[in-house]
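What follows is each chain in one-letter form.
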Amino acid sequence: MAKLHLTRPQALLHDVRALITEAQRQTAAAVNVGLTMLYWRIGKRIGEELLGGERAAYGEQIVATLSRQLASEYGRGYTKKNLHRMIQFAEVFPDEEIVATLWRQLSWSHFRELLPLDKPFQRDFYAEMCRIEGWSVRALSERIDSMLYERTALSKQPEALIRQELAVLRSKGQVSPALVLKDPYVLDFLGLTDRFLERDLEDAILRELETFLLELGVGFSFVARQKRIQVDGDDFYIDLLFYNRKLKRLVIVELKQGNFKPEYKGQMELYLRWLAQHEREPEEELPLGIILCAGKNTEQIELLELGTAGIHVAEYLTVLPAPEVLRAKLHEAVETARLRLEGRSD
């Protein structure tokens, strides 16, 4: 293709346009940071007033009066509803130092998506992942709607461990397997019917590879399909092989049509050890394995201690259930995992 040669006036116009566009971007970013900072401080100041002495009983009246005065002077951004949102903002993000780190990347619209979340760990997970990955407001909303946090391995861990993982994410930006691995994986975009073979599932994933990578999570890239390995002259084939740049390791995905079976552990361990010996680079972590099944038995998986072997077993859903059904299923899974962990510690 021929390279375009600009005349001096055209080159000048091009350069000036670039300067203006960059200045507009920086100005918009600075305005966003300023507004978000302002809203947090307004919310904190009003919150302090509402907590002070007898006036707390007249909180609604104070907010309503303040809203009328501010709206008449500064416009519709200071309605009673918006002031309550600012108060909530300061309440759920009480640490100004943490908020100051977030508002460099997150806009006020991002925070508005986070405010309705009622679980602190859930809210912190989305806030930090959004900061690190640069999610748009739409992407954040979609991940919340898909119940991403509730599907992560992190959500099923003890609270002390969740707090520790999120602290490392906040301070160092390091993403651990617990933040990436999910259960279940929602594969409704594959368009599979009730009856299909494992090969059909694999073919459908490769047809919709871009969407499957999004569902797998942050940092995944495709490496190979049906990768052949040889052990003692016998051939074995890995269904799907990926690399995760955040985890700095290879990740195997094995597809199973039915429920999980204990013998899948030996097969996956063989693959993982072969990759660790023959494919792993010096700077990489040990490979991980994901076994995707139509169903699983939690007790079998616990007895096999798959987590210590670097193996994650998860269900896949080819049809997305109603939100309330999925929410109930995830809530039950989280509570069951916590009860088991508490019983084990006792």
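In this text, all values refer to a predicted model and were calculated from it rather than measured experimentally.

Participant: Honestly, the overall build of the protein in this entry has me stumped. Any pointers?
Facilitator: Each helix and strand counted, the protein has 15 helices and six strands in total. Principal axes of the C-alpha set define a box for the protein whose edges measure 80 × 75 × 40 Å. Of all 346 residues assigned to the protein, the portion counted as buried reaches 40%. Sequence separation of 24 or more characterises 61% of the internal contacts of the protein that already satisfy a separation of 6 or more. As displayed, the protein has an accessible area near 20,100 Å², and 52% of this comes from carbon and sulfur atoms. Averaging the locations of the 47 positively and 52 negatively charged side chains of the protein gives two centres separated by 6 Å.

Participant: Could you clarify how one ought to interpret the pairing of strand E6 (residues 311–317) in this entry?
Facilitator: Two faces belong to every sheet, and in a regular strand the side chains alternate between them. Counted residue by residue, E6 has seven buried out of seven residues, so it is predominantly covered. Neither face of E6 is left uncovered, since the one carrying Ile311, Val313, Glu315 and Leu317 and the one carrying His312, Ala314 and Tyr316 both have all their residues buried. Note: strand E1 (residues 185–186) against E6, two bridges, orientation parallel. Across the sheet, Val186 pairs through a bridge with Leu317, a residue of E6.

Participant: How should the pattern of salt bridges be read in this particular structure?
Facilitator: One side chain can pair with another of opposite charge once the charged atoms of both are near each other. In this structure the tally under the stated criterion is 21 salt bridges. Of the charged contacts, one joins Arg228 and Asp235 as a salt bridge, the two residues approaching to 3.3 Å between their closest N and O atoms. For Arg228, a relative accessible area of 46% translates into the label partly exposed. With relative accessibility at 38%, the residue Asp235 sits in the partly exposed group. Across the salt bridge formed by Lys256 and Glu254, the nearest N and O atoms sit 3.8 Å from each other.

Participant: Where do I start with the packing of aromatic side chains in this structure?
Facilitator: For any two aromatic rings, the description comes down to two numbers: the centre-to-centre distance and the angle of the planes. If you walk through the whole model with that rule in mind, you get 13 aromatic pairs. Through a chain of ring-to-ring contacts, the aromatic side chains of Tyr39, Tyr74, Tyr78, Phe89, Phe93, Trp108 and Phe111 assemble into a single cluster. The ring centre of Trp135 lies 4.6 Å from the NZ or CZ of Arg143, which sits over that ring.

Participant: What is the right way to read unusual backbone geometry from this model?
Facilitator: Phi is mostly negative for residues that are not glycine, and the peptide bonds are mostly trans. Between Asp183 and Pro184 the backbone carries a cis peptide bond, its omega angle lying at 0 degrees. Phi is positive for Glu305, close to 50 degrees, though the residue is something other than glycine. Following the sequence through the fold, Glu305 ends up in the loop between helix H14 (298–304) and E6.

Participant: Help me understand the nonpolar core in this model?
Facilitator: For soluble globular proteins, nonpolar side chains are generally found buried alongside one another. Counting 70 residues, the largest nonpolar core has Phe93 and Tyr126 as its most contacted members. Here this core gets six residues from one element, more than from any other, and that element is helix H6 (residues 120–133). Those residues in contact with Tyr126, other than ones at most four positions away along the chain, are Leu114, Leu117, Trp135, Leu140, Arg143, Ile144, Met147, Leu148, Tyr149 and Glu150.

Participant: I'm lost on the sheet that holds strand E2 (residues 220–231) in this one. Help?
Facilitator: Sheets are built from strands paired through backbone hydrogen bonds, the pairs being either parallel or antiparallel. Taken in spatial order, the six strands of this open sheet run E1-E6-E5-E4-E3-E2, and their pairing is mixed. Single-partner strands in this sheet number two, and they are E1 and E2. Taken together, the five bridges between strand E3 (residues 234–244) and strand E4 (residues 249–255) define a ladder with antiparallel strand orientation. When the bridges of E4 are listed, Phe242 appears paired with Val251. Taken strand by strand, helix H12 (residues 209–216) contacts E1, E2, E3 and strand E5 (288–293), and its axis lies near 95 degrees from that of E2.

Participant: Would you take a moment to explain the environment of Arg225 for this structure?
Facilitator: Examined against the element boundaries, Arg225 turns out to sit in strand E2. With 14 residues separating them in the primary sequence, Arg225 and Asp239 have C-alpha atoms 5.7 Å apart. Residues within four places of Arg225 in sequence aside, it is in contact with Arg199, Glu202, Asp203, Leu206, Ile238, Asp239 and Leu240.

Participant: Could you clarify how one ought to interpret the pairing of E4 in this entry?
Facilitator: The element E4 is extensively covered by neighbouring structure, given that seven of its seven residues are classed as buried. Side-chain alternation along E4 places Arg249, Val251, Val253 and Leu255 on one buried face and Leu250, Ile252 and Glu254 on a second face that is also buried. Hairpin remark: E3 followed by E4, antiparallel, with four residues in the connecting loop; positive phi at Lys248, about 55 degrees. Pairing of E4 with E5 involves five bridges; the strand directions are parallel. Each residue of the ladder has a partner; that of Leu255, found in E5, is Leu292.

The rules behind the values
- Residues numbered from 1 in each chain as written.
- Predicted model: local features only at pLDDT ≥ 70, side-chain atom pairs only at ≥ 80, totals over all residues.
- Heavy atoms only, no water.
- Helix = DSSP H or I, 4+ residues; strand = E, 2+ residues; numbered from the N terminus.
- Buried < 20%, exposed > 50% of the residue type's maximum accessible area, 1.4 Å probe, protein only.
- Contact = heavy atoms within 4.5 Å.
- Areas by Shrake-Rupley, 256 points an atom, 1.4 Å probe, with all protein chains shown as cover.
- Lys, Arg positive; Asp, Glu negative; His and termini not counted.
- Charge placed at Lys NZ, Arg CZ, Asp CG, Glu CD.
- Pairing = 2+ DSSP bridges.
- Salt bridge = Lys/Arg side-chain N within 4 Å of Asp/Glu carboxyl O.
- Phe/Tyr/Trp six-rings, centres within 6.5 Å; stacked < 30°, edge-to-face > 60°.
- Lys NZ or Arg CZ within 6 Å of the ring centre and 35° of its normal.
- Core = buried A, V, L, I, M, F, W, Y, C linked by side-chain atoms within 4.5 Å.
- Axes fitted to C-alpha atoms, helices over the stretch in contact; angles between N-to-C directions.

These results come straight from atomic positions and should not be treated as a statement about function.
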